Amino acid sequence: MNILVTGGAGYIGSHTIVELLNAGYTVIALDNLVNSSRKAFERIAHITHKTVEFIEGDIRDKALLKKIFANYHIDGIIHFAGLKAVGESAEKPLEYFDNNVTGSLCLIKAAVAAHVPHFVFSSSATVYGPEAPVPYQETMPLGTASNPYGQSKIMVEQILSSTSAAVNNFTVTLLRYFNPIGAHCSGLIGEDPKGIPNNLLPFVTQVAVGKRAQLSIFGGDYPTPDGTCIRDYLHVVDLAKGHVKALQASVRQQDGQVHIYNLGTGRGISVKEIVETFENVTAKAVPYTVAPRRVGDLTAFWADPSKAQQGLDWQAEHTLEDMLKDAWRWQENNPEGYGEN
Ligand code: NAD
Ligand code: UDP
């Protein structure tokens, strides 16, 4: 089967391509490299001994999409391409809506025109909104997002649901990720953010490798046992495997419906627990200060992952220690990431 992976050079996309190739799929990757490096594909080839057809380009380029669907018989799409920095999205809302919503719209239109039967979308736990009780369950309604990034995820979920209802044989899977961290155990691919990392783990590993002086923990006065925020961190390889399972389930079902799954561990971990466990498993110090809360951060949320366990036969298998060791191996072996930032 030929799978088009948009955003395939990125963090989650590159790990998912490894799992797709290992499972025997043929992968065509489309990425404009706005937040990634083509070197990821050399590393993927090293890990899997298989190659990926890489097309450098933008999901908003309608002529390019037409050409891709004419040249390849695409059996399924996994759509990762998007901008993902929450803070930046508030500063540049139009850029985020254009990239994430218009871009997705271009891709979905081209997919429907080419009669692609399976579409898997990278959504996020953020769509549950700040009012949702924990743990988050797929039966809960879409919430409101306080930033354009989260709003773009809600909008694309809605566009896909309406499209699936109107178009025959367009099976959609919405995967709501919690907090992916870690890296492939080879240490060859991992998270390589451009500029100052927004996310916790790349910041922690960059402090440990000496690239940054100290971590700021955003808020020490939350109503949690140690005062820091709680999230559901899962290994990026577990997340990648979830995409293969989702695709397999979509092919099995072929029902033209929308399927929604949380991909998380079901366990909440605090920021301080992350830092302490990282120090324990790597024997590297991570100096930190407790800084003011970051605007928009929720106190605590985690997944109810039981639907994915039952429906996809998927569950997160790596421990927190595995995630942190693997994140560190990637950073230690690649202090400058892919070396292009
Ligand atoms: P990433 O930035 O590493 O990967 C996204 C990729 O998409 C990059 O390679 C980028 O170059 C590419 N891209 C962006 N806009 C594009 C466009 N217009 N055309 C073609 N390529 C484009 O991010 P990631 O962490 O791998 O995230 C992948 C997806 O998962 C994103 O949609 C993100 O919103 C979603 N997601 C991520 C997280 C997370 O914590 N990392 C959590 C929930 C959801
Ligand atoms: N965080 C932090 N310092 C940082 C980055 C993040 O304390 O430099 C905290 C953040 O406040 C949140 C958690 O780490 O509680 C996870 O943040 P991240 O941005 O990785 O993911 P989010 O859950 O916001 O999508």
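One structure accompanies this document, and this report is about it.

Description of the packing of helix H5 (residues 93-113) against helix H6 (residues 148-166)
Inference 1: Across the interface, H5 lies against H6 with an axial gap of 9 Å and an inter-helix angle of 20°. As summarised for this structure, H5 and H6 are arranged roughly parallel, according to the angle between their axes. Of the two elements, H5 crosses H6, and the hand of that crossing is right-handed. Two secondary-structure elements touch here, H5 through Pro93, Tyr96, Phe97, Asn100, Val101, Ser104, Leu105, Ile108 and Val112 and H6 through Pro148, Tyr149, Gln151, Ser152, Met155, Val156, Ile159, Leu160 and Thr163.
Inference 2: Here the residues of the contact of H5 with H6 are counted per class, giving 13 nonpolar, five polar and no charged.

Points about the site of ligand 1
Inference 1: Close contacts around ligand 1 come from 28 residues, with Asp31, Asn35, Ser36, Lys84 and Tyr149 the closest.
Inference 2: The separation between a nitrogen atom of ligand 1 and a polar side-chain atom of Asp58 is 3.1 Å.
Inference 3: Between ligand 1 and the protein, one listed contact pairs an oxygen atom with a side-chain N or O atom of Lys84 at 2.8 Å.
Inference 4: Across the complex, the protein chains shield 96% of the 820 Å² of accessible surface that ligand 1 would expose by itself.

Considerations on the side chain of Glu138
Inference 1: The topology assignment puts Glu138 in the loop between strand E5 (118-124) and H6.
Inference 2: Among buried charged residues, Glu138 stands out as having no salt bridge; its nearest opposite-charge side chain is Lys307, 5.5 Å away.
Inference 3: Setting aside its immediate chain neighbours within four residues, Glu138 contacts Tyr128, Arg176, Ile260, Tyr261, Asn262, Asp304 and Lys307.

A few points about the pairing of strand E8 (residues 215-218)
Inference 1: In E8, alternate side chains face the same way, and those of Leu215 and Ile217 are buried while those of Ser216 and Phe218 on the opposite face are not.
Inference 2: Relative to strand E13 (residues 288-291), E8 runs parallel, the two sharing four bridges. The partner of Leu215 across the bridge, within E13, is Tyr288.

Section: the sheet that holds strand E4 (residues 76-79)
Pairing between the strands of a sheet comes from backbone hydrogen bonds, and it takes one of two forms, parallel or antiparallel.
Inference 1: Spatial strand order, E3-E2-E1-E4-E5-E6-E11: seven strands in an open sheet with parallel pairing. What marks the edges here is a single partner per strand, and that holds for strand E3 (53-56) and strand E11 (258-263). Adjacent strand axes in the sheet meet at a mean angle of 20° when their direction is disregarded.
Inference 2: Sheet topology note: the E5/strand E6 (residues 171-177) ladder contains seven bridges and is parallel. Note on E6: the bridge partner recorded for Phe121 is Leu174.

A look at the side chain of Lys153
Inference 1: For Lys153, the position within the fold is in helix H6.
Inference 2: Comment: no salt bridge for buried Lys153; closest opposite-charge side chain is Glu157, at 8.6 Å.
Inference 3: Dropping the residues within four chain positions of it, Lys153 is found in contact with Phe121, Ser122, Ser123, Ser124 and Val127.

Comments concerning the site of ligand 2
Inference 1: With respect to spatial proximity, 14 residues lie near ligand 2, and among them Ser216, Phe218, Arg231, Arg294 and Asp297 are the closest.
Inference 2: Contact distances for ligand 2 include 2.9 Å between an oxygen atom and a backbone N or O atom of Leu200.
Inference 3: Within the contact set of ligand 2, a nitrogen atom lies 2.8 Å away from a backbone nitrogen or oxygen of Ser216.
Inference 4: For ligand 2, whose unbound accessible area comes to 520 Å², protein coverage reaches 88%.
Inference 5: At four residues, the largest contribution of residues to the shell around ligand 2 is made by E8.

Cut-offs and rules
- Residues numbered from 1 in each chain as written.
- Chains lettered and ligands numbered in written order.
- Predicted model: local features only at pLDDT ≥ 70, side-chain atom pairs only at ≥ 80, totals over all residues.
- Heavy atoms only, no water.
- Axes fitted to C-alpha atoms, helices over the stretch in contact; angles between N-to-C directions.
- Helix = DSSP H or I, 4+ residues; strand = E, 2+ residues; numbered from the N terminus.
- Parallel < 35°, antiparallel > 145°, perpendicular 65-115°, else oblique.
- Left-handed = near helix turned anticlockwise from the far one by under 90°.
- Contact = heavy atoms within 4.5 Å.
- Nonpolar A, V, L, I, M, F, W, Y, C, P; charged D, E, K, R; others polar.
- Near = heavy atom within 4 Å.
- Polar contact = N/O pair within 3.5 Å; in protein donor to acceptor, adjacent residues only side chain to side chain.
- Areas by Shrake-Rupley, 256 points an atom, 1.4 Å probe, with all protein chains shown as cover.
- Buried < 20%, exposed > 50% of the residue type's maximum accessible area, 1.4 Å probe, protein only.
- Lys, Arg positive; Asp, Glu negative; His and termini not counted.
- Salt bridge = Lys/Arg side-chain N within 4 Å of Asp/Glu carboxyl O.
- Pairing = 2+ DSSP bridges.

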